[in-house]
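Here's the letter readout for the chains.
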Amino acid sequence: MNYGHSILTDIRLAGATPVVAGRDKSCTAYDLQDALADTRTACLLLVSSRLVQGNPVDLSEAVTLAHKRNLPAFIDGAAQDMRIPELLATGADLVLVSAQKYLASPTAGLIIGRRACVQACRAQEQGIGRAMKATKEAIIGVLAALDERQRLDITAWRAEQDRKVHWFVKQMSGVAGIKASEMPDPTGALFSRVHLRIEPVHRFPTASALAQALRSGNPSVWVGEHTAENSLILELVPLSREELHRVVERISELGRQSHQVGQTPATLHRE
Ligand SMILES: *Cc1c(COP(=O)(O)O)cnc(C)c1O
(Lines give C-alpha, C1' and ligand atoms only; values in the text may rest on other atoms or scores of the structure.)
Protein backbone atom coordinates (compact mmCIF):
# COMPACT_ATOMS: atom_id res chain seq x y z
CA MET A 1 0.00 0.00 0.00
CA ASN A 2 1.49 3.25 -1.09
CA TYR A 3 -0.25 6.60 -0.72
CA GLY A 4 2.68 8.84 -1.50
CA HIS A 5 4.88 6.75 0.75
CA SER A 6 4.68 3.14 1.77
CA ILE A 7 2.41 2.17 4.65
CA LEU A 8 5.54 0.54 6.14
CA THR A 9 6.79 4.04 6.97
CA ASP A 10 3.67 4.69 9.01
CA ILE A 11 3.99 1.40 10.82
CA ARG A 12 7.56 2.33 11.79
CA LEU A 13 6.41 5.79 12.79
CA ALA A 14 4.04 4.20 15.29
CA GLY A 15 7.00 2.41 16.87
CA ALA A 16 6.56 -1.03 15.33
CA THR A 17 8.79 -2.99 12.99
CA PRO A 18 6.99 -4.21 9.88
CA VAL A 19 7.40 -7.84 8.84
CA VAL A 20 5.82 -8.43 5.45
CA ALA A 21 4.04 -11.76 5.01
CA GLY A 22 3.92 -13.41 1.60
CA ARG A 23 4.63 -11.68 -1.70
CA ASP A 24 2.96 -9.07 -3.87
CA LYS A 25 0.67 -11.55 -5.54
CA SER A 26 -0.01 -14.04 -2.78
CA CYS A 27 -0.07 -14.49 0.94
CA THR A 28 -1.03 -17.98 2.05
CA ALA A 29 -1.99 -19.13 5.54
CA TYR A 30 1.44 -20.71 5.65
CA ASP A 31 3.18 -17.38 4.89
CA LEU A 32 1.12 -15.71 7.57
CA GLN A 33 1.92 -18.37 10.14
CA ASP A 34 5.60 -17.83 9.50
CA ALA A 35 5.32 -14.08 9.92
CA LEU A 36 3.33 -14.51 13.15
CA ALA A 37 5.96 -16.74 14.79
CA ASP A 38 7.21 -14.01 17.13
CA THR A 39 4.96 -13.48 20.18
CA ARG A 40 5.52 -9.71 20.01
CA THR A 41 3.74 -9.55 16.66
CA ALA A 42 0.36 -8.12 15.82
CA CYS A 43 -1.31 -9.01 12.53
CA LEU A 44 -2.22 -6.06 10.30
CA LEU A 45 -4.40 -6.84 7.28
CA LEU A 46 -5.01 -4.30 4.53
CA VAL A 47 -8.18 -3.96 2.50
CA SER A 48 -8.15 -1.71 -0.54
CA SER A 49 -9.66 -1.85 -4.02
CA ARG A 50 -6.08 -1.32 -5.27
CA LEU A 51 -4.74 -4.37 -3.49
CA VAL A 52 -6.32 -6.94 -5.69
CA GLN A 53 -3.48 -8.74 -7.42
CA GLY A 54 -3.49 -12.49 -7.13
CA ASN A 55 -5.51 -14.48 -4.61
CA PRO A 56 -7.22 -12.48 -1.90
CA VAL A 57 -6.35 -13.23 1.71
CA ASP A 58 -9.33 -14.65 3.58
CA LEU A 59 -9.67 -12.09 6.37
CA SER A 60 -11.56 -14.33 8.82
CA GLU A 61 -9.03 -17.09 8.34
CA ALA A 62 -6.13 -14.70 8.89
CA VAL A 63 -7.73 -13.31 12.05
CA THR A 64 -8.28 -16.83 13.35
CA LEU A 65 -4.63 -17.70 12.69
CA ALA A 66 -3.47 -14.69 14.71
CA HIS A 67 -5.88 -15.47 17.54
CA LYS A 68 -4.68 -19.07 17.71
CA ARG A 69 -1.30 -17.63 18.62
CA ASN A 70 -2.85 -15.18 21.06
CA LEU A 71 -1.89 -12.27 18.84
CA PRO A 72 -4.21 -9.38 18.03
CA ALA A 73 -5.43 -8.87 14.47
CA PHE A 74 -6.19 -5.45 13.00
CA ILE A 75 -7.76 -4.55 9.70
CA ASP A 76 -6.76 -1.35 7.94
CA GLY A 77 -9.90 -0.71 5.92
CA ALA A 78 -9.32 3.02 5.46
CA ALA A 79 -11.80 3.33 2.59
CA GLN A 80 -14.20 0.62 3.83
CA ASP A 81 -16.37 2.77 6.09
CA MET A 82 -19.51 1.26 4.56
CA ARG A 83 -18.44 -2.25 5.55
CA ILE A 84 -17.45 -1.78 9.20
CA PRO A 85 -19.86 -4.43 10.59
CA GLU A 86 -18.69 -6.91 7.96
CA LEU A 87 -15.02 -6.31 8.81
CA LEU A 88 -15.67 -6.56 12.55
CA ALA A 89 -17.48 -9.84 11.90
CA THR A 90 -14.17 -11.36 10.83
CA GLY A 91 -13.30 -11.28 14.54
CA ALA A 92 -10.66 -8.56 14.07
CA ASP A 93 -9.73 -6.81 17.29
CA LEU A 94 -9.60 -3.42 15.60
CA VAL A 95 -10.87 -2.01 12.33
CA LEU A 96 -9.24 1.24 11.22
CA VAL A 97 -11.18 3.58 8.97
CA SER A 98 -10.30 6.92 7.48
CA ALA A 99 -12.77 9.66 8.34
CA GLN A 100 -11.99 11.72 5.26
CA LYS A 101 -12.63 9.19 2.52
CA TYR A 102 -16.27 8.25 1.89
CA LEU A 103 -17.31 9.57 5.28
CA ALA A 104 -16.14 12.92 3.90
CA SER A 105 -15.36 14.51 7.25
CA PRO A 106 -12.30 16.64 8.03
CA THR A 107 -9.06 14.65 8.30
CA ALA A 108 -9.16 12.10 11.13
CA GLY A 109 -9.38 8.37 11.62
CA LEU A 110 -11.64 5.95 13.46
CA ILE A 111 -10.40 3.08 15.61
CA ILE A 112 -13.21 0.59 16.15
CA GLY A 113 -13.20 -2.67 18.07
CA ARG A 114 -12.32 -4.25 21.39
CA ARG A 115 -12.20 -1.79 24.22
CA ALA A 116 -8.78 -2.88 25.52
CA CYS A 117 -7.20 -2.45 22.07
CA VAL A 118 -8.85 0.93 21.51
CA GLN A 119 -7.62 2.01 24.95
CA ALA A 120 -4.12 0.77 24.12
CA CYS A 121 -3.94 3.26 21.23
CA ARG A 122 -4.04 5.99 23.87
CA ALA A 123 -0.40 5.19 24.62
CA GLN A 124 0.26 7.17 21.44
CA GLU A 125 -0.99 10.31 23.16
CA GLN A 126 2.52 10.42 24.59
CA GLY A 127 3.99 9.26 21.31
CA ILE A 128 3.43 10.12 17.67
CA GLY A 129 -0.24 10.77 18.39
CA ARG A 130 0.66 14.09 19.96
CA ALA A 131 1.99 15.43 16.68
CA MET A 132 -0.91 13.91 14.76
CA LYS A 133 -3.81 14.75 16.99
CA ALA A 134 -7.12 15.45 15.35
CA THR A 135 -8.41 18.98 15.90
CA LYS A 136 -11.58 19.65 17.86
CA GLU A 137 -13.13 20.75 14.57
CA ALA A 138 -12.22 17.43 12.97
CA ILE A 139 -13.70 15.47 15.87
CA ILE A 140 -17.00 17.36 15.62
CA GLY A 141 -16.84 16.85 11.84
CA VAL A 142 -16.43 13.09 12.25
CA LEU A 143 -19.37 12.94 14.65
CA ALA A 144 -21.52 14.89 12.19
CA ALA A 145 -20.41 12.59 9.35
CA LEU A 146 -21.28 9.49 11.39
CA ASP A 147 -24.64 10.98 12.26
CA GLU A 148 -25.30 11.68 8.59
CA ARG A 149 -24.18 8.18 7.66
CA GLN A 150 -26.58 6.66 10.16
CA ARG A 151 -29.43 8.54 8.57
CA LEU A 152 -28.36 7.63 5.04
CA ASP A 153 -30.71 5.36 3.11
CA ILE A 154 -28.07 2.95 1.81
CA THR A 155 -30.44 1.31 -0.68
CA ALA A 156 -31.33 4.65 -2.25
CA TRP A 157 -27.67 5.70 -2.18
CA ARG A 158 -26.61 2.55 -4.00
CA ALA A 159 -29.36 2.97 -6.57
CA GLU A 160 -28.16 6.54 -7.18
CA GLN A 161 -24.54 5.37 -7.65
CA ASP A 162 -25.74 2.65 -10.04
CA ARG A 163 -27.74 5.18 -12.05
CA LYS A 164 -24.69 7.45 -12.38
CA VAL A 165 -22.47 4.62 -13.56
CA HIS A 166 -25.10 3.28 -16.05
CA TRP A 167 -25.65 6.75 -17.40
CA PHE A 168 -21.94 7.45 -17.79
CA VAL A 169 -21.27 4.17 -19.58
CA LYS A 170 -24.19 4.88 -21.92
CA GLN A 171 -22.83 8.34 -22.75
CA MET A 172 -19.47 6.81 -23.65
CA SER A 173 -21.03 4.42 -26.16
CA GLY A 174 -20.82 7.04 -28.91
CA VAL A 175 -17.17 7.92 -28.34
CA ALA A 176 -14.96 6.34 -30.95
CA GLY A 177 -11.98 4.46 -29.60
CA ILE A 178 -13.30 4.03 -26.06
CA LYS A 179 -15.03 0.97 -24.73
CA ALA A 180 -16.76 1.74 -21.45
CA SER A 181 -18.07 -0.81 -19.00
CA GLU A 182 -19.25 -1.04 -15.42
CA MET A 183 -16.68 -2.41 -13.06
CA PRO A 184 -17.87 -3.80 -9.73
CA ASP A 185 -15.56 -2.98 -6.82
CA PRO A 186 -13.07 -5.82 -6.48
CA THR A 187 -13.22 -5.77 -2.67
CA GLY A 188 -17.01 -5.86 -2.52
CA ALA A 189 -17.61 -2.16 -1.79
CA LEU A 190 -21.18 -1.06 -2.43
CA PHE A 191 -20.64 0.78 -5.70
CA SER A 192 -19.23 0.22 -9.17
CA ARG A 193 -16.78 2.28 -11.16
CA VAL A 194 -16.57 3.14 -14.85
CA HIS A 195 -13.87 1.30 -16.72
CA LEU A 196 -12.70 3.01 -19.92
CA ARG A 197 -10.66 0.83 -22.17
CA ILE A 198 -8.83 2.51 -24.98
CA GLU A 199 -9.29 0.41 -28.06
CA PRO A 200 -5.92 -0.34 -29.63
CA VAL A 201 -7.28 -0.48 -33.18
CA HIS A 202 -8.52 3.08 -32.97
CA ARG A 203 -6.70 6.31 -33.36
CA PHE A 204 -7.55 7.38 -29.88
CA PRO A 205 -4.39 8.15 -27.90
CA THR A 206 -3.25 6.08 -24.98
CA ALA A 207 -5.01 6.11 -21.62
CA SER A 208 -2.14 8.08 -20.23
CA ALA A 209 -2.43 10.78 -22.93
CA LEU A 210 -6.18 10.92 -22.37
CA ALA A 211 -5.64 11.36 -18.62
CA GLN A 212 -3.15 14.13 -19.32
CA ALA A 213 -5.54 15.85 -21.74
CA LEU A 214 -8.29 15.70 -19.12
CA ARG A 215 -5.94 17.24 -16.57
CA SER A 216 -4.88 20.09 -18.86
CA GLY A 217 -8.45 21.06 -19.74
CA ASN A 218 -10.58 23.67 -18.01
CA PRO A 219 -11.94 22.58 -15.62
CA SER A 220 -9.03 20.26 -14.95
CA VAL A 221 -10.23 16.67 -14.49
CA TRP A 222 -7.93 14.31 -12.60
CA VAL A 223 -8.40 10.61 -13.08
CA GLY A 224 -6.59 7.56 -11.73
CA GLU A 225 -4.32 5.91 -14.27
CA HIS A 226 -4.03 2.17 -14.82
CA THR A 227 -1.82 2.42 -17.82
CA ALA A 228 -0.76 -1.22 -17.79
CA GLU A 229 -4.09 -2.14 -19.36
CA ASN A 230 -4.37 1.09 -21.32
CA SER A 231 -7.47 1.93 -19.37
CA LEU A 232 -8.83 4.51 -16.97
CA ILE A 233 -10.98 3.76 -13.99
CA LEU A 234 -13.37 6.49 -12.93
CA GLU A 235 -15.03 6.62 -9.57
CA LEU A 236 -18.16 8.77 -9.68
CA VAL A 237 -19.27 8.69 -6.04
CA PRO A 238 -18.44 12.28 -5.07
CA LEU A 239 -19.40 13.89 -8.41
CA SER A 240 -22.48 16.05 -8.84
CA ARG A 241 -24.75 15.81 -11.87
CA GLU A 242 -23.17 18.91 -13.37
CA GLU A 243 -19.65 17.58 -12.86
CA LEU A 244 -20.61 14.29 -14.49
CA HIS A 245 -21.93 16.15 -17.53
CA ARG A 246 -18.72 18.14 -17.80
CA VAL A 247 -16.52 15.06 -17.65
CA VAL A 248 -18.65 13.31 -20.28
CA GLU A 249 -18.53 16.38 -22.54
CA ARG A 250 -14.80 16.67 -22.19
CA ILE A 251 -14.10 13.03 -23.01
CA SER A 252 -16.52 13.15 -25.96
CA GLU A 253 -14.83 16.32 -27.23
CA LEU A 254 -11.39 14.72 -27.03
CA GLY A 255 -12.81 11.68 -28.81
CA ARG A 256 -14.17 13.80 -31.64
CA GLN A 257 -10.90 15.72 -32.02
CA SER A 258 -8.91 12.52 -32.11
CA HIS A 259 -11.26 11.07 -34.70
CA GLN A 260 -11.33 14.13 -36.97
CA VAL A 261 -7.62 14.79 -36.96
CA GLY A 262 -7.10 11.10 -37.38
CA GLN A 263 -4.28 11.37 -34.92
CA THR A 264 -3.39 12.58 -31.50
CA PRO A 265 -5.36 15.82 -31.00
CA ALA A 266 -3.41 19.04 -30.59
CA THR A 267 -4.54 19.41 -26.98
CA LEU A 268 -2.76 16.18 -26.19
CA HIS A 269 0.59 17.68 -27.09
CA ARG A 270 0.80 20.28 -24.39
CA GLU A 271 4.09 19.15 -22.94
C1 LIG B 1 -6.34 5.54 2.14
C2 LIG B 1 -5.69 4.46 2.88
C3 LIG B 1 -4.83 4.76 3.95
C4 LIG B 1 -4.52 6.18 4.36
O5 LIG B 1 -5.59 6.70 5.08
P6 LIG B 1 -5.53 8.22 5.59
O7 LIG B 1 -6.72 8.35 6.49
O8 LIG B 1 -5.64 9.08 4.39
O9 LIG B 1 -4.25 8.38 6.29
C10 LIG B 1 -4.29 3.71 4.64
N11 LIG B 1 -4.55 2.42 4.31
C12 LIG B 1 -5.38 2.09 3.32
C13 LIG B 1 -5.67 0.65 3.04
C14 LIG B 1 -5.98 3.10 2.55
O15 LIG B 1 -6.83 2.78 1.56
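Values in this document were obtained by computation on a predicted structure and should not be read as measured data.

Draft legend 1. Layout of the pattern of salt bridges. The tally for this structure, following the rule as stated, stands at twelve salt bridges. The salt bridge involving Arg151 is made with Asp147; its shortest N-O contact spans 3.2 Å. On the criterion of helical spacing, the pair formed by Arg151 and Asp147 is a turn pair, its members being four residues apart in helix H7 (residues 136–151). Exposure remark for Arg151: the relative accessible area of 61% places this residue in the exposed category. Glu253 is paired through a salt bridge with Arg250; the nearest N and O atoms lie 2.9 Å apart. Residue Glu253 and its partner Arg250 are both found in helix H10 (residues 241–261); the two are separated by three residues, about one turn of the helix. Residue classification places Glu253 among the partly exposed residues on the basis of a relative accessible area of 31%. Of the residues examined, Arg250 reaches a relative accessible area of 12% and is grouped as buried. Taken together, the salt bridges that share partners define one network made up of Asp185, Arg193 and Glu235.

Draft legend 2. Looking closely at the environment of Leu234. Note on placement: Leu234 falls in strand E8 (residues 231–234). By relative accessible area, Leu234 is classed as buried at 6%. The sequence separation of Leu234 and Leu65 amounts to 169 residues, and the corresponding C-alpha distance is 36 Å. Not counting chain neighbours up to four residues away, the residues in contact with Leu234 comprise Phe168, Arg193, Val194, Leu196, Val223 and Ile251.

Draft legend 3. Region of interest: the side chain of Ser231. Looking at the secondary structure, you find Ser231 in strand E8. A polar contact is formed between the side chain of Ser231 and the side chain of His195, at a distance of 3.3 Å.

Draft legend 4. Region of the structure containing the packing of aromatic side chains. Under the definition given, this model contains three aromatic pairs. Ring centres 6.2 Å apart and planes at 80° place the aromatic pair Trp157 and Phe191 in the edge-to-face group. Here the residue Trp157 occupies a position in helix H8 (residues 154–172), and Phe191 occupies one in the loop between strand E5 (178–184) and strand E6 (192–198), the gap between them amounting to 34 residues. Here Trp157 and Phe191 have matching classes, each one buried. Seen from their ring centres, Trp167 and Phe168 are 6.5 Å apart, and the 75° between their planes marks the pair as edge-to-face. Using a relative accessible area of 0% as the deciding quantity, one classes Phe168 as buried. Grouping aromatic residues by their ring pairs yields a cluster made of Tyr102, Trp157 and Phe191. Between Arg215 and the ring centre of Trp222, over which it is positioned, the NZ or CZ distance is 5.2 Å.

Draft legend 5. Region of the structure containing the domain arrangement of the protein. Domain parsing of the protein yields domain 1 (7–151) and domain 2 (154–270). Once you take the C-alpha centre of each, domain 1 and domain 2 turn out to be 32 Å apart. Summing both sides of the interface, domain 1 and domain 2 together bury roughly 770 Å²; the carbon and sulfur share of this comes to 70%. There are zero salt bridges connecting domain 1 and domain 2. Scanning the region where domain 1 abuts domain 2 turns up two residue pairs in polar contact (both at pLDDT 80 or more).

Draft legend 6. Fine view of the nonpolar core. Leu32, Cys43, Leu45 and Ile75 are the most contacted members of the largest nonpolar core, which has 26 residues in total. Looking at this core, the elements that each hand over two or more residues are strand E1 (43–46), helix H3 (59–68), strand E2 (73–76), helix H4 (84–88), strand E3 (94–98) and H7. No other element matches H3, which puts five residues into this core. Here Leu45 is in contact with Val57, Leu59, Ala62, Val63, Phe74, Ile75 and Asp76, once residues within four sequence places are set aside. Counting 25 residues, the second largest nonpolar core, distinct from the first, contains Ile198, Val223, Val247 and Leu254.

Draft legend 7. Main features of the pairing of E3. Burial analysis of E3 places four of its five residues in the buried class, the great majority of the element. Examined bridge by bridge, E3 and strand E4 (residues 109–113) share five bridges and lie antiparallel to one another. The residue bridging Val95 from the neighbouring strand is Ile112, located in E4.

Rules used throughout
Residues numbered from 1 in each chain as written. Predicted model: local features only at pLDDT ≥ 70, side-chain atom pairs only at ≥ 80, totals over all residues. Heavy atoms only, no water. Salt bridge = Lys/Arg side-chain N within 4 Å of Asp/Glu carboxyl O. Helix = DSSP H or I, 4+ residues; strand = E, 2+ residues; numbered from the N terminus. Buried < 20%, exposed > 50% of the residue type's maximum accessible area, 1.4 Å probe, protein only. Contact = heavy atoms within 4.5 Å. Polar contact = N/O pair within 3.5 Å; in protein donor to acceptor, adjacent residues only side chain to side chain. Phe/Tyr/Trp six-rings, centres within 6.5 Å; stacked < 30°, edge-to-face > 60°. Lys NZ or Arg CZ within 6 Å of the ring centre and 35° of its normal. Domains from an automatic or database assignment. Buried area = accessible area lost by both parts, 1.4 Å probe. Core = buried A, V, L, I, M, F, W, Y, C linked by side-chain atoms within 4.5 Å. Pairing = 2+ DSSP bridges.

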